[in-house]
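Below, each chain spelled out in residue letters.
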Amino acid sequence: MSATTLSPVDVKADIKDDGRIPLRGHLRHTGALVRRNLLWIRQDPESMFDALLMPVVFTLLFVFVFGGSIGQALGGGQDGYVQYVIPGMIAMMSMTLSQGVGTGFSQDFNSGVMDRFRSLPIGRGSVLFAKVSVELVRMLFATTVLMIVAVLVGFDINSWPGLFAAVGLAAVFASSIMWVFLTLGVILKNAQSVQAMGFLVLFPLQFGSSIFAPTASMPGWLQAFTDYNPLSTLADAARGLMVGGPVAHDLWVTLGWSVAITAVMAPVAIHKFRTKS
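A brief structural summary. For clarity, every value in this text was computed on a predicted model and none was experimentally measured.

Observations concerning a nonpolar patch on the surface
Stage number 1. A cluster of nonpolar side chains, namely F49, L52, L53, V57 and F141, defines an oily patch on the protein surface of about 440 Å² accessible area.
Stage number 2. Examining the composition of the nonpolar patch, we find that four residues originate from one element, helix α3 (residues 49–74), more than from any other.
Stage number 3. Inspection of the secondary structure assignment puts F141 in helix α7 (residues 124–152).

What follows is the structure, encoded as structure tokens:
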């Protein structure tokens, strides 16, 4: 057994006489599980291929296939489209990679790993928080790759603080969406079902947004949808922070969505995990 895997002896000292686990115990359990998940990634580097290749493929695809025509509509050609789409792709990465936490969670259930964790006297939320933490690491890695490719295709970083703020905002939103996929990972029977349901959620939100193109030419009913689509507000906030433009409204709406989704879905995911038979 790995040194970073929790054992009953390891966690016994973290439990009070009344059976409650203090905050320090939860943090210790979460840290040990984060290390366990990171070691698993090191042993299975192929699990990082999506985080490595997705930003490369999508950046090259949208810039060189759609950049000319959409860029002309924006009035700046392909170079103008690069400045438009890269902040939006940070928003896309936050949503797309969040799906991985649900499929991985489902696979852990089917392989028996979660039965082992649930047999230990550890905080149930620690298992889920560790999953979210590691997926955020993957998202930050993918965002780093995205920005390297973006600079190579001509993106100008006008504000480093704005870039870091945009990435931070995307991470906050991604962490909230991960609770949705964790819930799906618990209630659906296998990883394929989680992935299929994830695509049904991802595609309308991503393409019915301002990530890849302005929404002004969309039909009125679709514009109404994009106005309330958190990916649109996240993309527009990231655009304002990185390139320039209005930020406050989109920033607060995105944070509002993030808080609301987390407040609703985190308790649901933890409850479903505790009660799953």
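A few points about the nonpolar core
Stage number 1. By size, the foremost hydrophobic cluster in this structure holds 72 residues, and its most contacted members are I86, F105, V127, L128 and W179.
Stage number 2. With 15 residues, helix α8 (residues 160–187) is the largest single contributor of residues to this core.
Stage number 3. Once residues within four sequence positions are removed from consideration, F105 is found in contact with M114, V127, L128, K131, L182, G185, V186 and F273.

Thoughts on the packing of aromatic side chains
Stage number 1. Applying the stated criterion to the full structure yields 10 aromatic pairs.
Stage number 2. For the pair F58 and F62, a centre-to-centre distance of 6.1 Å together with 15° between the ring planes defines the contact as stacked. Linking F58 with F62, this pair stays in helix α3, spanning four residues, or about one helical turn.
Stage number 3. Both rings, one in Y81 and one in Y84, keep their centres 6.3 Å apart while their planes meet at 20°; by these two values the pair is stacked. Here Y84 and Y81 lie together in helix α4 (residues 77–96), a separation of three residues that amounts to about one turn. Each of the two residues, Y81 as well as Y84, counts as buried.
Stage number 4. The residue whose ring lies beneath R239 is Y84, and the NZ or CZ to ring-centre distance is 3.8 Å.

Examining the side chain of T103
Stage number 1. Following the sequence through the fold, T103 ends up in helix α5 (residues 99–111).
Stage number 2. Residues contacting T103, with those up to four places away along its chain left out, are A191, V194 and Q195.

Re the pattern of salt bridges
Stage number 1. Under the criterion given, the structure shown has three salt bridges.
Stage number 2. In this structure, the salt-bridge partner of D50 is R138, at a minimum N-O distance of 2.9 Å. Placement of D50 in helix α3 and of R138 in helix α7 is noted, with a sequence separation of 88 residues between them.
Stage number 3. With relative accessibility at 6%, the residue R138 sits in the buried group.
Stage number 4. Of the charged contacts in the structure, one is a salt bridge between E135 and R138, with a shortest N-O distance of 3.0 Å.

A look at the side chain of R239
Stage number 1. You can see R239 is positioned in helix α11 (residues 230–242).
Stage number 2. Sequence-distant contacts of R239, that is, excluding residues within four places in its chain, are made with Y84, P87, G88, S210, I211 and G244.

Overview of α7
Stage number 1. Taking 1.5 Å per residue as the helical rise, α7 with its 29 residues ought to reach 42 Å, and the 44 Å between its terminal C-alpha atoms agrees with that figure.
Stage number 2. G154, located one to two residues past α7, shows a positive phi value of around 115°.

Rules behind the numbers
- Residues numbered from 1 in each chain as written.
- Predicted model: local features only at pLDDT ≥ 70, side-chain atom pairs only at ≥ 80, totals over all residues.
- Heavy atoms only, no water.
- Patch = residues over 30% accessible without salt bridge, like charges linked within 9 Å, V, L, I, M, F, W, Y side chains within 5 Å.
- Areas by Shrake-Rupley, 256 points an atom, 1.4 Å probe, with all protein chains shown as cover.
- Salt bridge = Lys/Arg side-chain N within 4 Å of Asp/Glu carboxyl O.
- Helix = DSSP H or I, 4+ residues; strand = E, 2+ residues; numbered from the N terminus.
- Core = buried A, V, L, I, M, F, W, Y, C linked by side-chain atoms within 4.5 Å.
- Buried < 20%, exposed > 50% of the residue type's maximum accessible area, 1.4 Å probe, protein only.
- Contact = heavy atoms within 4.5 Å.
- Phe/Tyr/Trp six-rings, centres within 6.5 Å; stacked < 30°, edge-to-face > 60°.
- Lys NZ or Arg CZ within 6 Å of the ring centre and 35° of its normal.
- Expected span 1.5 Å × (residues − 1).

On their own, these measurements won't tell you what the molecule is for.
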